[in-house]
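Listed here are the chains, written in short residue letters.
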Amino acid sequence: MEHKLTRRKFFHLTAGVLAASRMVFSKEQPASFLPPVHPFNSKSTVALIGGDQRRKIVSESLLAIEEQILPKLRQKKYVVIKPNLVSTVNPLAATHADALHGILDFLGPRFKGPVIIAESSAGNTWEGFDNFRYDGVVNEHKSQQVTLLDLNQEGKYETLPILNADLHVVPVRLAARLLDPDAFVICAAILKTHNTVVATLSVKNMTLGAPLRNPPKTPRWNDKRLYHGGVRQTHYDMLLTAQKMQPFWGAAVIDGFEGMEGNGPSSGLPVPSRIAIASTDYIAADRVGLEVMGINPAWVGYLNYCAQCGLGQYDLAQIEIRGTQLSKATRNYQLHEDIERELQWMGPMTELPPKLG
């Protein structure tokens, strides 16, 4: 108890240290969005459902946009549910089994094909499946042909060129299951702050969950690490990955029943937001997610880049929100202690080489 109190006090002290930076990067100031390259010209719909049962509100969030899901779902041979297992030991940092139950409750009467819960954890994926009792999810939904899959062990991939820390082009291996035109891909994300890109929601779960690493007991390699070379490079590489993956995205579900603030994505503190978000537009889902976390949407580079490139709707005025009012769902999440450095992507580059020619 004393440890948690100390951390909470530290975060409040950090807020004071950040006062100067908030004069420049303030939630209350108008968001300064980057100009569009390929505008997203249609409106999007996002469900925002509140309640006191995680499983129920997750299912109800999908039900609220059912008419948008079913036309695409009916064209697919199977469903892939992509949870977030950034940690295989901390339940607060990982997709809760009840969120998966809620998704499967929605799918049950609407889809008769197989369902795969598939993850590529930076740790041991099966350890996460075991620790968070995903086997119980499989057992309860046997009639839905639910199975668990470690994408690292499966080892099937497509390559994508990204930039490494030296801004050299390198290939990364992305899980082929998440790029399968026969699959309806559902992202099962969480409301969390982040230590590099301010916040992690559905797009972050997909783009950094797709790169593979070595299976257990094999020589070590990890393509996820290639994304962590610098505060600017990370955002841009996430854009490149999102552009590759977006045509295969089915629906995003963000579990905010208990979010994470402070030193996310794996070491923060719980926030009882008690909401669930769902949309067929992952960018719009994340935009609403930032709003309920009280985060300035101009701060999150990769989402701004995705919006610039027309991958989804980022203008809140062009998003229809069904369910709970935003004002009733919003809480101001404490951000990571490194937020000042995270926001440096917004300013001018100071590490430019000499100009030639």
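That block above? That's the structure.
Since the model is a prediction, treat every value here as computed from it, not as a measurement.

A. Structural context of unusual backbone geometry. Residue Pro265 is bonded to the preceding Gly264 through a cis peptide linkage, with omega at 15°. As for its position among the elements, Pro265 is in the loop between strand 9 (249-261) and strand 10 (269-271). A positive phi angle, near 60°, is found at Leu167, a position not held by glycine. Relative to the helices and strands, Leu167 resides in the loop between strand 5 (157-163) and strand 6 (169-175). Residue classification places Leu167 among the exposed residues on the basis of a relative accessible area of 53%.

B. Main features of the layout of surface pockets. Empty space within the largest pocket amounts to approximately 360 Å³. Taken together, 25 residues line the largest pocket, and the ones lying closest to its centre are Val86, His194, Lys204, Leu208 and Pro265. Looking at the lining of the largest pocket residue by residue, the classes come out as 5 nonpolar, 15 polar and 5 charged.

C. Seen up close, the nonpolar core. Among the nonpolar cores identified, the biggest contains 69 residues, and Leu178, Val203, Ile277, Val292 and Ile295 are the most heavily contacted of them. No other element matches the 8 residues that helix 11 (residues 282-293) contributes to this core. Counting 38 residues, the second-largest nonpolar core is a separate cluster that includes Leu100, Phe111, Val253 and Ala276.

Thresholds applied
Residues numbered from 1 in each chain as written. Predicted model: local features only at pLDDT ≥ 70, side-chain atom pairs only at ≥ 80, totals over all residues. Heavy atoms only, no water. Helix = DSSP H or I, 4+ residues; strand = E, 2+ residues; numbered from the N terminus. Buried < 20%, exposed > 50% of the residue type's maximum accessible area, 1.4 Å probe, protein only. 1 Å grid on protein atoms, 1.4 Å probe; cavity = no way out; pocket = protein on both sides within 12 Å on 5 of 7 lines; lining within 4 Å. Points joined across faces, edges and corners; volume = space filled by probe spheres on them. Nonpolar A, V, L, I, M, F, W, Y, C, P; charged D, E, K, R; others polar. Core = buried A, V, L, I, M, F, W, Y, C linked by side-chain atoms within 4.5 Å.

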